[in-house]
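Structure at a glance
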Amino acid sequence: MKFSLNWLNKYVDLSGLSPKQISDRLTFAGIEVEGSQPLAYGDRLVVGQILEVRNHPDSDHLHVLSVDLGTKYGLRQIVCGAPNVKKGLKVIVALENCHLANDVVITPSTIRGVESNGMCCSLSELGVEHKFLTEKQIAGIEELPDDAKVGNENVLSYLGLDDVILDLKLLANRPDCSAAMNLARELGGLFERKISLPSASLKADFDSSLKVESQTDKCPLFTLMEVKDIKVKSSPKWLKAVLMASGIRSINNVVDIGNYIMLLTGQPLHMYDLDKVKGESFVVRDDIEDENWVALDDNAYHVVAGDIAITVNNKTMCLGGVMGSKMAEVDASSKHIAVEAALFDGATIRHTSTRLNLVSDSSSRFAKGINPHQSEIVLALTARLLRELAGAKEISNVITYDQINHEKQVIGFSIQDINHRLGTSFSLENIKKALTNLSFKIREQKLNSYLVVEVPDFRIDISGVADLSEEIIRYYGYDNVVSTLPVFATTVGGYNSTQEAIQKLRHFLLSNGLNEALTYSLISEQETKEFSYLNKDTPFKLLHPMTPEHALFRTNTLSSLLKVAEYNVAHQMEDFALFEVSNAYGQKSAMTQLSVVLVGQDKIWGSIQKENYNYYHSKGLIEGIFLAFGIEPSRYRLQKLSTPANEFHPGRSAEIFLAKDSIAVLGELHPEWKKNHGFNKLAVVALTLNLDALLSLKTSPIKSKAIAKYPFVRRDLAFVIDQSIAVSEVEKCIKKAGRALVKNVEVFDIYQGEHVQAGMKSIALSVFYGDDKRTLTDGDVRVIEDEIKSALFHQFKAELRG
């Protein structure tokens, strides 16, 4: 944000202060000045008049000029290549040893055999940016008006360029300082200097028939002022100079007045040509859809629901705070206009301007926040300038829609509160002085320890005692805070139990060859509907998302990790394994989830060969995780996934239950899903696990026992059972029937096909028997085995094969 010191000096006495002193004081008070520089350069300039123009004897484009520099410097010969030189022209001459922009120093020289003493200058050579100049000014030297006095050495002052520009880096907590009036107040308070701010009152010539209305809470304040018989023309030199110093190019007097008022007060204005609008009722809405709305820059934009639109007869005349419509443009022929001052929702303006790539000074001010209590004075100042500079004949009353609470904000506090928070010992008088100088008003004083202050309207960042504390310390300087080391109790650092468990899980997965990924928490609406097995809560939706792809908080993490896998496959990456441990949030719940995605092939242990990832890889991982956390297989059950939803393969997927709660889903992905997402024939296996449910389980300490002294006996059994019966149920039945003598059961074959009846399957198992106190005999094993066969027959109608 750029400010002219000359302009600020009109409102606050800055005499005797150097730009460096002003910059340092502002910076140490929390308003950073990134730099200061002259508006234009030239320390030895003088106004001259060309008396004679001769062609250079050795050039087809250079001229030899005789230039009168007045009584002090006399007549000088200067060689010049500008195309617009002519006899009688008054010009800017840089004398020898003159320092110009870009470190150029003028010295006497000989150009192609002709002596040249000085240089005729263009404004660009003085450092004026090209955007402020016409093509003619850029191509040639500056042509001064007839009133320029030959011999005048105060050239920059004559041109309105004798100025220093402060470049402020305003943070979000000080949007008020984007207004010159408020910056003048700040400087007046910090340097204890007199301030003299502009004031005006509106004297209406007639009552307007215009009507205003807002149908959205995104516009709680909307005001209009009608102006008749204006004359659009060029702005005066002083107004152009102020705008140039602020980095704004002059357009015409009416547009420039709007920009000037914005710079002065911080309130953006917009103007409508009422002869083009052809309507009297202005309605602010946020439900407009228009795919071909033409703006002032002659480009067409898509207006969507949520954008703030100012409409007349259901036609969008302006995107509030962003840009006006071409159909209501104020141009050189405009005579009858309406001036708008409004308050729009900052987040909406930021979203619209970013989406349409129409970020401007106006939209930035609305996005950061403006003073909602100044519309009357803003329009009064505007009316005064329109009368003075645009010859306005008639100005109406202000038509207002206002839902703002204009009650003054007051804050009460004790002196002890301030000093305790700051670690200082300021007196009551110190605090009163600081707040008064910074435009706060002392409303009430109780004894010598309690104050009630009124917050100025323009300080929209002040809300409590902490903010007042900051005001006081930045006024007196942060060096008033005593340097003391904080006192903290000595504690032992480290992870809590949940963090330790998650770190343990990460190490387990990394040691198994997986790579950790971190994905966005914000996803698209479509992604919230995919792989939503663990958390079916309603997701949070951002009010103003940056893009539709990042509009909602995810309730499940697997879809995000699959998107990363899809990206890698699209970039010729194959054979990889990813995992992510992240939080997922719904409107009523939050959950820590583990997601795993295995793509392509895995190297077979101890071999150079590879095999496709399959269901058993995910099953092995989940069983390994449970084992690592000391959770016995008896505490969970694995069953076929009941609702794969064309995402998981219906025959190669499963879910895991703790009691009645599903805590994990795993398996191969559906071929159709893989085809639609670019995986084609690559193997893709996924796993998602509710870590909160897993880590909430209480586990017993690991117990050790002596190695068995007596040998185990192994017996292999093969049964034919109904194909719908899970192998895990068979294992449970065997262990239950064999009681403590069955030490382990291992499945080594499952077969369906020839010699096995349709709808049935053959299961082959190895059963290990043992006794901790003696060696089992064949007779002992035979008795137990008979009981197991009987139990399998009664429970599953299992028939022994062979």
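One can find the structure itself at the top, above this paragraph.
Below you will find a few notes about this structure.

**A closer look at the overall build of the chain**
Within the chain one finds 23 helices and 39 strands. In terms of C-alpha radius of gyration, the chain reaches 41 Å, well past the compact-globule figure of 28 Å for 802 residues. Overall, the C-alpha framework of the chain stretches about 135 × 85 × 60 Å when taken along its three principal axes. Considering only residue pairs separated by 6 or more positions, the chain has 69% of its internal contacts joining residues 24 or more positions apart. Carbon and sulfur atoms provide 50% of the accessible area of the chain, an area that totals close to 41000 Å².

**So, the environment of Lys-709**
Assignment of secondary structure puts Lys-709 in the loop between α21 (691-695) and β36 (713-722). Under the relative-accessibility criterion, Lys-709 is labelled exposed at 72%. Distance from Lys-709 to Tyr-585, taken between C-alpha atoms, is 53 Å for residues 124 residues apart in sequence.

**Quick notes on the state of the cysteines**
Applying the stated criterion across every chain, the model contains zero disulfides. Just so you know, Cys-121 is unpaired, no disulfide at all, and the nearest cysteine sulfur is the one on Cys-98, 6.5 Å from it. Residue classification places Cys-121 among the buried positions, given a relative accessible area of 0%.

**A word on the packing of aromatic side chains**
Throughout the structure, instances matching the rule amount to 14 aromatic pairs. Summarising the aromatic geometry, the rings of Trp-673 and Phe-679 are spaced 5.8 Å apart at their centres and angled 20° between planes, so their arrangement reads as stacked. Take Trp-673 and Phe-679: they sit in the same class, and that class is buried. An aromatic cluster is built from Phe-531, Tyr-533, Phe-648, Trp-673 and Phe-679, whose rings are joined through pairwise contacts. Its end group placed over the ring of Phe-206, Lys-228 keeps NZ or CZ at 4.3 Å from the ring centre.

Conventions used here
Residues numbered from 1 in each chain as written. Predicted model: local features only at pLDDT ≥ 70, side-chain atom pairs only at ≥ 80, totals over all residues. Heavy atoms only, no water. Helix = DSSP H or I, 4+ residues; strand = E, 2+ residues; numbered from the N terminus. Rg over C-alpha atoms; globule rule 2.2 N^0.38 Å. Contact = heavy atoms within 4.5 Å. Areas by Shrake-Rupley, 256 points an atom, 1.4 Å probe, with all protein chains shown as cover. Buried < 20%, exposed > 50% of the residue type's maximum accessible area, 1.4 Å probe, protein only. Disulfide = S-S within 2.5 Å. Phe/Tyr/Trp six-rings, centres within 6.5 Å; stacked < 30°, edge-to-face > 60°. Lys NZ or Arg CZ within 6 Å of the ring centre and 35° of its normal.

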